[in-house]
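This is what each chain is made of:
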Amino acid sequence: MDKIRIALAGNPNVGKSTLFNRWTGMRQHVGNWPGKTVEKKEGTFHYNQQEIEVVDLPGNYSLTAYSVEEVVSRDYIVHEKPDVIVNVIDAANIERNLYLTVQMMELGANVVLALNMNKFAFEKGLKINKNQLSQLLGVPVIEIEAVDDTGSEQLLQTIIKVSKSPNIVLGRLEYGNEVSEHVEQIKNIIDQDISGLEAPSSWIALKLMEDDPEIIKKIEETGKGQRVIGEVKKIQRHFNDVFGDDADAAITDARYGFIAGLVSESVKKPKIDKITRSDLIDRIVTHKYLGIPIFLLIMWLTFQITFTVGDPLGGYIEEAFALLGETISANLGEGFLTSFIVDGIIGGVGGVLVFVPIIFILFLILSLLEDSGYLARAAFVMDRFMHKLVGLHGKSFIPMILGFGCAVPGIMATRTLENERDRFLTMLIVPFMSCSARLPVYALLGAAFFSVYQGWVIFSLYILGIVVAIIMAAIFKKTIFKGMSAPFVMELPPYRIPTAKGAIIHMWERGVLFLKKAGTLILALSVVIWALSSLPVGVEYASQESITGQIGTVLSPVFEPLGFGEWQATVAIIYGFVAKEVVVSTFGIIYGVGEDGSGENAEETATGESSGEISNEQASGEASSESVDETASDEEVAPEENPGFIAAIQGVFTPLSAYAYMVFVLLYIPCLATLATIRRETNSWKWPAFAAGYTFAVAYVVSLVVYQGGLLLGF
C-alpha cells in the first residue's frame, strides 16, 4: 500500500504544529532541511489502514522567496510534489491568510483548506460560508479545531479522497485583464522555448514579472531563456510607464483584489469590530506599566515551580546513581575498570542526568507559555523598553527567549531580523541568556548553598543575563552597530488553552536534545576528564598531582579575585567551554557522584584535607579568625548532613563565591556549538572570536564586582 505524502502549510501561529503533533504524536523526528538551518519536522501516522507521511512546513505569510523559510516551503512543493497540501488557516484572520493560499494555487498544488480557530472567528463576529468559499476557490474547505478532534475525521477523509483525485485549479485565479494578459503572453513564450520545467509555466511567468532572482537564474541556466527574459523586461517597463509602479506591486494588488472578492462573497463581518477575550487579556498583560512586572512575575513563578517539583525528583535519581556506583564497586572491587565506570561514566554523565527532571519541567512550563500565546506578548512588551533604551526592537527579544532553551536555535532565529546590524548584534547578546545547559550548575550550587531560596537565586541569574544583554546591546549600538532598527510589526496570536499532548511533545522535543548530549558529547568528555584525572600513572585519582589538577593549579590564580581560585573550580570552568553541562560533570568525576557519599575524595575535600587544600581563611571569604573557627566546625559535620557531592562542593565554595561562580558560568564564553552557529550565520570567524573574547571579559568583570562587592558589604 502506497504512502500518502502531505504537507502542512500556513502562516505562523495558525495551529499547524498543534495539528501535526495531534496526528503524529511521538512518531515524528526533527532535523534540518538539506543545506539549510531551518527546522524540518516530519512524522507518520495511520488512518483507516492508510499510512500517511506528513511534513510541517515552516510558517510563512507568502512564497515570495524573501526568506530562507519561504524558499524551503516553495522548493518542497515544487520539487517534492506532495500528494496533498493541507493549508491551515486562522479563520479569525482569513483575509490575510488567503494570500498564501492563492500563491500555493498558483504553484499548481493539490490544496485542502483547513479552517482553524473558528471559535475565535465567531467571537469576533465573523460568519464564514465554507461551502461558498470552497465553490469560489475550487478546493475543499473543512472546519476544524486543531486543539481537539473537531473536524479531524472529515479532514482526513478529504485528504485521502483528493490524494486520488487532485484539484488543480489554476484557472480559478483572477488578476484582472492587464496582469492576466501579460502572464499569458510570457507563459506562451515559455511553453514554446523551454521544456522540462517542474512548475507551471504560468507561475514561472508571475515569478519572472516579480523579479524573483531564483526563478530568473533557473531560466537563464536553461540556455533558452533570452526571449523570455527580454519580453519580461519589456512588460516591466510597460507597467512602470502606464501605472507608475512596478509589476511586482501590480501582481500583489491583483492577488489581494481576488482575495477581497472571495471574502466579500463568503464572509459576513460585523459592522463594529467586537472586543474579544484576547483583547481584554491583552489590555492587562501588554499594559504600558503592568506588562514588564507581569512578565517578571511569570518568570519567577516558572522557576519556583521548576525547583519545587524538580528537586525531589532529582534526589531520587541521585540516590539511584549512588546505589548503582556502590553495587558496581562491591561486585568489581577496586581497580582501573571500577574507577572508569564509577568515577568516569557514572560520575560524569550521572552528575548531569540528576538534573533531568528540573530541565524537563522548565521546558514543559515554557511550552505551555508558548502554546498559550503569552511568549509572543513578552516580546511585544519588551519592544517599548528595548527600542527606547537600546535601539533594538522587541523582535530581537524572541531569539533571546529561545536562548533560554538553547543559544543555537536562538541565534538561528535572528534570521527573521531584516536589518543585518540588528542580526549580528542580537547574535552577540543571545549567549547571555541562561540556557538549559547552565541549569545543572545553578541547581547544584543552589542546592548546596541556597536551598531555601533556590528559586529566587536562579530567577536572579536569568534576570541578570537579560540585564547584561541589554546593557551590552546599548554599548554596541553606540559603537560598532550604530543606527536605529526598523519599526517592529508583530502579529499577536489569540490566546489558547494549551493541550497536554502538545505541551508534552514540545517538552520532549527540547528535552531529548539534552539527553542525547548526555549520551554522546558529555559521555565522551567525561571519559577524557576521567583519563586526565587518572594520569600520570600512580598519582591519586582526581588529585592536584593529576593532569587535571595541574591544569587547574596553573590557571587558578586567574580566578582568585573572583572567589573561586581552587583548582577544582578552575578545571570545571575550562572543560565547561565545550558544553556548559560539563561543569557539573567535572565536579561529578572529581568528587565521585556515583559513590555512596562517604568516599575519600568527598570527605577530604569537604574538610579541607585533600591534596588541593583549601584553608579556613579561603573557605570563609577571609573573615575574622572567630568566624573561621565557626565555619570550620560547620564544614566538619557537613558530610553527615549533606553527604558526598554536596559536602565536597560546600568545601570548595562559600555562598558568596558560589553565586559569583554561577554568574561567571552564566556570562562566560559560549559553548563550541554556539560559536560554530555564529560562524555559520555570519560566514566569518571574526564574530565568534569576538563573542568568545568579549563574553569572557564581561563575565570576569561582573563576577569580580559581585564577589568583591559582596565582601565589602559583609556577605
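In case you missed it, the structure is sitting above this.
Residues numbered from 1 in each chain as written. Predicted model: local features only at pLDDT ≥ 70, side-chain atom pairs only at ≥ 80, totals over all residues. Heavy atoms only, no water.

**Some details on the overall build of the protein chain**
Threshold: Secondary structure elements are defined from DSSP: runs of H or I of at least 4 residues count as helices, runs of E of at least 2 residues count as strands, and each element is numbered from the N terminus. Throughout this description, buried means an accessible area under 20% of the type-specific maximum (1.4 Å probe, protein chains only), exposed means over 50%, and partly exposed covers the range between. Two residues qualify as a contact provided that any one of their heavy atoms is within 4.5 Å of a heavy atom in the partner residue. Computed by Shrake-Rupley with a 1.4 Å probe, the accessible areas treat only the displayed protein chains as cover when residues are assessed.
Along its length, the protein chain carries 33 helices and nine strands. Looking at the 715 residues of the protein chain, the share that counts as buried comes to 56%. Taking all contacts inside the protein chain whose residues are at least 6 apart in sequence as the whole, residues at least 24 apart take part in 74%. A total of about 30,500 Å² of accessible surface is found on the protein chain, and carbon and sulfur atoms cover 59% of it.

**Focus: helix 33 (residues 686-712)**
To be explicit about the condition: A helix is expected to span 1.5 Å for every residue after the first.
An ideal rise of 1.5 Å per residue puts 39 Å on 27 residues; helix 33 measures up with 39 Å between its terminal C-alpha atoms. Burial in helix 33 covers these residues: Trp687, Pro688, Ala691, Ala692, Tyr694, Thr695, Val698, Ala699, Val702, Ser703, Tyr707 and Gly710. For helix 33, the elements touching its buried residues are helix 19 (420-429), helix 21 (454-478), helix 31 (655-667) and helix 32 (672-682). Looking one or two residues beyond helix 33, the residue adopting positive phi is glycine 714, at roughly 90°.

**Examining the side chain of threonine 158**
Put simply, the rule reads: We define a polar contact as two N or O atoms separated by no more than 3.5 Å, with the added condition that, inside protein, one atom must be a possible hydrogen donor and the other a possible acceptor, whereas residues neighbouring each other in sequence contribute only through side-chain atom pairs.
Structurally, threonine 158 can be placed in helix 6 (residues 152-164). Side-chain polar atoms of threonine 158 contact the backbone oxygen of glutamine 154, separated by 2.7 Å. When residues no more than four places from it in sequence are discounted, the contact partners of threonine 158 are Val112, Pro140 and Ile142.

**What to know about the packing of helix 13 (residues 291-332) against helix 21**
We count it as follows: Axis definition: a line fitted to C-alpha atoms, over the contacting stretch in the case of helices. Angles run 0 to 180 degrees between N-to-C directions. Any angle that is under 35 degrees is reported as roughly parallel, and any over 145 degrees as roughly antiparallel; angles of 65 to 115 degrees are reported as roughly perpendicular and all others as oblique. Crossings are assigned a handedness: left-handed for a near helix turned anticlockwise from the far helix by less than a right angle, right-handed for a clockwise turn. We call Asp, Glu, Lys and Arg charged. Ala, Val, Leu, Ile, Met, Phe, Trp, Tyr, Cys and Pro are nonpolar, and the rest, Gly among them, are polar.
Two elements in contact, helix 13 and helix 21, have axes separated by 9 Å at closest approach and are oriented at 135°. Considering the angle they form, helix 13 stands oblique to helix 21. As for the relative orientation of helix 13 and helix 21, their crossing is right-handed in sense. Residues Leu296, Met299, Trp300, Phe303, Gln304, Phe307 and Asp311 of helix 13 pack against Gln454, Gly455, Trp456, Ile458, Phe459, Tyr462 and Ile463 of helix 21. Split by residue class, the contact of helix 13 with helix 21 holds ten nonpolar, three polar and one charged.

**Focus on a nonpolar patch on the surface**
Rule in force here: In this scheme, patches are assembled from residues that exceed 30% relative accessible area and form no salt bridge. Like charges are connected within 9 Å, while nonpolar side chains (Val, Leu, Ile, Met, Phe, Trp, Tyr) are connected within 5 Å. Whenever a carboxyl oxygen of Asp or Glu lies within 4 Å of a side-chain nitrogen of Lys or Arg, that contact is scored as a salt bridge.
A surface patch of nonpolar side chains, amounting to about 560 Å² of accessible area, comprises Leu297, Leu301, Ile305, Val309, Leu313 and Tyr316. One can find leucine 313 in helix 13.

**Remarks on unusual backbone geometry**
Across residues other than glycine, the phi torsion is negative in most instances, and most of the peptide bonds are trans. With an omega of -5°, the peptide bond running from leucine 535 to proline 536 counts as cis. Locating proline 536 in the fold gives a position in the loop between helix 23 (521-534) and helix 24 (547-559). Unusually for a residue other than glycine, asparagine 48 sits at a positive phi of about 50°. Secondary-structure assignment places asparagine 48 in the loop between strand 3 (39-47) and strand 4 (50-56). For glutamine 49, which is not a glycine, the phi torsion comes out positive at approximately 65°. Mapped onto the elements, glutamine 49 comes out in the loop between strand 3 and strand 4. The class for glutamine 49 is exposed, based on a relative accessible area of 71%.

**A look at the packing of helix 23 against helix 26 (residues 582-591)**
It is at 10 Å that the axes of helix 23 and helix 26 come closest, and there the two elements cross at 40°. Regarding the angle of helix 23 to helix 26, the classification is oblique. Crossing geometry of helix 23 relative to helix 26 is assigned as right-handed. Residues Ile522, Leu525, Ser526, Ile529, Trp530 and Ser533 of helix 23 lie in contact with helix 26, whose contacting residues are Val582, Ser585, Thr586 and Ile589.

**Looking at the environment of serine 436**
Relative to the helices and strands, serine 436 is located in the loop between helix 19 and helix 20 (439-449). Sequence-wise, serine 436 and arginine 510 are 74 residues apart; in three dimensions their C-alpha atoms are separated by 9.6 Å.

**Some thoughts on the pairing of strand 4**
Our working definition: Two strands make a pair as long as DSSP finds a minimum of two bridges between them.
With six of seven residues buried, strand 4 is to be regarded as a mostly interior element. Pairing between strand 1 (residues 4-9) and strand 4: five bridges, direction parallel. Residue pairing across strands places isoleucine 6 opposite valine 54, the latter belonging to strand 4. Direction of pairing for strand 3 relative to strand 4: antiparallel, over a ladder of seven bridges. From the neighbouring strand, lysine 41 faces strand 4, where its bridge partner is aspartate 56.

**Quick look at a negative patch on the surface**
Note the threshold: Only four residue types enter the tally: Lys and Arg on the positive side, Asp and Glu on the negative side; His and the chain ends are excluded. A charge is said to be at NZ when it belongs to Lys, at CZ for Arg, at CG for Asp and at CD for Glu.
Judged by side-chain charge, Asp211, Asp245, Asp246 and Asp253 come together as a negatively charged surface patch. With respect to the secondary-structure elements, aspartate 245 resides in the loop between helix 10 (226-243) and helix 11 (247-266).

**Let's talk about the pattern of salt bridges**
For the structure on display, the rule yields 17 salt bridges. Residues participating in the shared-partner salt-bridge network are Glu106, Lys207, Glu210 and Arg255.

**Side note on the state of the cysteines**
The following threshold applies: Note on terminology: pairs of cysteine sulfur atoms within 2.5 Å are recorded as disulfides.
All chains considered together, the criterion is met by zero disulfides. Here cysteine 406 stays free of any disulfide, with the sulfur of cysteine 435 as its closest cysteine sulfur at 6.3 Å. Residue classification places cysteine 406 among the partly exposed residues on the basis of a relative accessible area of 31%. Sulfur of cysteine 671: no disulfide; nearest cysteine sulfur belongs to cysteine 406 and is 6.4 Å away. For cysteine 671, a relative accessible area of 16% corresponds to the buried category.

**Points about the pairing of strand 5 (residues 84-90)**
Burial analysis of strand 5 places seven of its seven residues in the buried class, which makes it a mostly covered element. Side-chain alternation along strand 5 places Val84, Val86, Val88 and Asp90 on one buried face and Ile85, Asn87 and Ile89 on a second face that is also buried. In this structure, strand 1 lies alongside strand 5, joined through four bridges in parallel fashion. Following the sheet pairing, alanine 7 is matched in strand 5 by isoleucine 85. Here six bridges tie strand 5 to strand 6 (residues 111-116), and the two strands are oriented parallel to one another. Paired with valine 86 across the strands is valine 112, a residue of strand 6.

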